[in-house]
Amino acid sequence: MADAGAIGWSVVGAALLLGLVLVVLGLGAAALDGSTVARAAGLPAHRGLANPVAETARLLRQQRRTTLAADRLLWRIGGGGLLLVPLVLVAVLPLGALTVFDSSVGLVWLNAADVLVWALVWLLGWGPNAAYGLIGGYRFVAQALAYELPLMFALTAPAVGAQSLRLSDIVTAQQGLWFVVWMPAAFVVVCVGILGFAVWGPLAPAAGADLAGGVLAELSGPDRLVVQAARYLLLVAGSGFAVTLFWGGTAGPVLPRPVWLLLKTVVLTSVLVAARRRVPTWRPDRFLEVGWLVLLPVSLVQLLVVSLVAVGRG
């Protein structure tokens, strides 16, 4: 009983520490984004590093607005739920000797979380009972239809390569050679999926300026702060999942294993944050073509190659 209690407290401690690290990385992503915005405006990059603090203070002081006949419950569920999804994602990431929740089907969690995000972003658009938000919700669903199926096949590739859905087994299978080396297409598709469910960069038309913010248009005050924070945290959690699947996760020399996962996550998160200013926004109808005519066939070919390699090894 004493050993079980000690293990339980260890898991709780790991969960709290992991949540704290997630928040710190989210703040770092927001600071990097702020510096990118500052450079785009012709200002020194360091001027934007304090943007997360300034924006947080502004939104906490801002009066919360509402709209006529809004469904406030669903609206709040949409925003609050998005903040919980990253925590659910990082809970299954292998940290080395200890994992908060070592699920035998941990790989499936990313796909399940993505589907949950579909509903939550839709609720953000539906809840305010406003035209811009509703159109933004429809845009997101249309876009998600284009990347979801390729994402499913891309996630299947590392599972076939490791012969397991358990994330720790996938990390172990990458000893000596990371999966990204012979599964590059699957890695790219997963990164596209991360941009999609974070409503970020080229896949952010649901929150586009042409819709006055779309699903974000009617959000204000703490409600807007929660959703903005959730988008950064989704980038971080998604990056942690991607480096676990394709970059060897905690594998690395000299440094402690969790540190390697942290460093790899920071690198990929930085790349995805920079995509907001580097890659133009894709119109939903154009992205549908890309998703079905490019991403899906590429994902299937990648899965076929991995399957043939796995059969040859067997």
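Residues numbered from 1 in each chain as written. Predicted model: local features only at pLDDT ≥ 70, side-chain atom pairs only at ≥ 80, totals over all residues. Heavy atoms only, no water.

1. Details of the side chain of Arg139
Tracing the sequence through the fold places Arg139 in helix α5 (residues 131-162). Contact partners of Arg139, with chain neighbours within four places excluded, come to Pro205, Ala206, Asp210, Leu211 and Pro284. (Helix = DSSP H or I, 4+ residues; strand = E, 2+ residues; numbered from the N terminus. Contact = heavy atoms within 4.5 Å.)

2. Looking at the packing of aromatic side chains
In this description, a pair of aromatic rings is defined by centroid distance and the angle of the planes. This model, assessed by the stated rule, comprises 8 aromatic pairs. Both rings, one in Phe187 and one in Trp247, keep their centres 5.6 Å apart while their planes meet at 35°; by these two values the pair is tilted. In this pair, Phe187 sits in helix α8 (residues 184-197) while Trp247 sits in the loop between α9 (221-246) and α10 (257-278), placing the two residues 60 residues apart along the sequence. Comparing Phe187 with Trp247, the two get one shared label, buried. Pairing Trp282 with Phe287 gives two aromatic rings, centres 5.3 Å apart and planes at 15°, and the pair type is stacked. (Phe/Tyr/Trp six-rings, centres within 6.5 Å; stacked < 30°, edge-to-face > 60°. Buried < 20%, exposed > 50% of the residue type's maximum accessible area, 1.4 Å probe, protein only.)

3. With respect to a nonpolar patch on the surface
On the surface, Leu17, Leu20, Val21, Val24, Leu262 and Val266 cluster together into a nonpolar patch covering about 480 Å² of accessible area. Breaking the nonpolar patch down by element, the ones donating at least two residues are α1 (2-40) and α10. The dominant element in the nonpolar patch, judged by the number of residues it contributes, is α1, at 4 residues. (Patch = residues over 30% accessible without salt bridge, like charges linked within 9 Å, V, L, I, M, F, W, Y side chains within 5 Å. Areas by Shrake-Rupley, 256 points an atom, 1.4 Å probe, with all protein chains shown as cover. Salt bridge = Lys/Arg side-chain N within 4 Å of Asp/Glu carboxyl O.)

4. Regarding the side chain of Ser103
Tracing the chain through its elements places Ser103 in the loop between α3 (72-90) and α4 (108-126). Among all residues touching Ser103, those that are not within four sequence positions of it are Val92, Trp109 and Arg166.

5. Considering the packing of α4 against α5
Relative orientation of the contacting elements α4 and α5 amounts to 175°, with a least axis distance of 8 Å. One way to sum up the angle between α4 and α5 is to call them roughly antiparallel. (Axes fitted to C-alpha atoms, helices over the stretch in contact; angles between N-to-C directions. Parallel < 35°, antiparallel > 145°, perpendicular 65-115°, else oblique.)

6. Topic: α5
An ideal rise of 1.5 Å per residue puts 46 Å on 32 residues; α5 measures up with 46 Å between its terminal C-alpha atoms. Along its length, α5 shows its largest kink, about 30°, at Leu145. Two residues or fewer after α5 comes Gln163, characterised by a positive phi angle close to 60°. (Expected span 1.5 Å × (residues − 1). Bend = angle between axes of the 7 residues up to and from the residue.)

Honestly, that's just the spatial picture; any functional story needs more than this.
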